Amino acid sequence: MKSEKEKTDRKMTVVSRLICKKNEFEVTDTYEAADESGSSVLVTSRIHCTKGKGFLPRFGKAFRFGSSFDDVAYCGRNGESYADIPTTQKTIGLVPPETRAERTQEVKEI
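These figures come from a predicted structure and were not determined experimentally.

**Concerning a nonpolar patch on the surface**
On the surface, Val41, Val43, Phe63 and Phe65 cluster together to form a nonpolar patch covering roughly 300 Å² of accessible area. Turning to its location among the elements, Val43 is positioned in strand β4 (residues 41-51).

Listed below in structure tokens is the structure:
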């Protein structure tokens, strides 16, 4: 896996290339200060197929933050599915128009 980093005062982006047999993926992880104090961090992870048919291998991620980040909120929801790309696009995150308003309000309340 190869990685590149880009860093500003409030945001760091790491782009990695995941290469396996016939497929290649670009993984972009963004760590962004979510408030002025820097005590909250928004972590966004996106994966994009750059070569092959896009069959995503199983792989894991581990994050290590200082103890000031021990209070974590996970925004997973019932009904989300990673079965395939079209299903993922319809059910994951804040993007689906049918659930956008409700999910946005939910995240603001966390």
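Resuming the write-up.
**Brief notes about the environment of Ser16**
Looking at where Ser16 falls in the secondary structure, it is placed in strand β2 (residues 11-20). Given a relative accessible area of 6%, Ser16 falls into the buried group. Separated by eleven residues in the primary sequence, Ser16 and Val27 have C-alpha atoms spaced 5.1 Å apart.

**Side note on the pattern of salt bridges**
Inspection of the entire model under this criterion finds two salt bridges. In this structure, Arg17 engages Glu26 in a salt bridge whose closest nitrogen and oxygen atoms are separated by 3.7 Å. One salt bridge connects Lys51 with Glu24, and the closest N-O pair in it is separated by 3.9 Å. Of this pair, Lys51 sits in strand β4 while Glu24 sits in strand β3 (residues 23-33), placing them 27 residues apart in sequence.

**So, unusual backbone geometry**
One non-glycine residue, Lys21, adopts positive backbone phi at about 30 degrees. Looking at the secondary structure, you find Lys21 in the loop between β2 and β3.

**So, the state of the cysteines**
Following the criterion strictly, the structure yields zero disulfides and no others. Not engaged in a disulfide, the cysteine Cys20 finds its nearest cysteine sulfur in Cys49; these two sulfurs lie 8.8 Å apart. Exposure remark for Cys20: the relative accessible area of 23% places this residue in the partly exposed category.

**Side note on the pairing of β2**
Successive residues of a regular strand alternate their side chains across the two faces of the sheet. Bridge count for β2 against β3 is ten bridges, and the pairing is antiparallel. From the neighbouring strand, Val15 faces β3, where its bridge partner is Thr28. The antiparallel hairpin formed by β2 and β3 contains two residues in its connecting segment, where Lys21 sits at a positive phi of about 30 degrees.

What counts, and at which threshold
Numbers given for residues are sequential positions, taken from 1 along each chain in its written order. Residues qualify for local features only when their pLDDT is at least 70, as the model is predicted, and side-chain atom pairs are given and counted only at 80 or more; totals for whole chains, interfaces and linings, by contrast, use all residues. Side-chain calculation: all heavy atoms of the structure are included, whereas hydrogens and water are not. Patch definition: residues above 30% relative accessible area lacking any salt bridge, with like charges linked at up to 9 Å and the nonpolar side chains Val, Leu, Ile, Met, Phe, Trp and Tyr linked at up to 5 Å. Surface accessibility in these figures is a Shrake-Rupley result with a 1.4 Å probe; residues are shielded only by whichever protein chains are displayed. What makes a salt bridge here is a side-chain nitrogen of Lys or Arg within 4 Å of a carboxyl oxygen of Asp or Glu, nothing more. Runs of H or I in DSSP of at least four residues are treated as helices and runs of E of at least two as strands, each being numbered from the N terminus. For each residue, the accessible area found with a 1.4 Å probe, counting protein chains only, is set against the maximum for its type, and the residue is called buried under 20%, exposed over 50%, and partly exposed in between. Cysteine sulfur pairs qualify as disulfides if the two atoms are within 2.5 Å. For two strands to be treated as a pair, DSSP must find no fewer than two bridges joining them.

Purely geometric stuff here, so don't read any function into it on its own.
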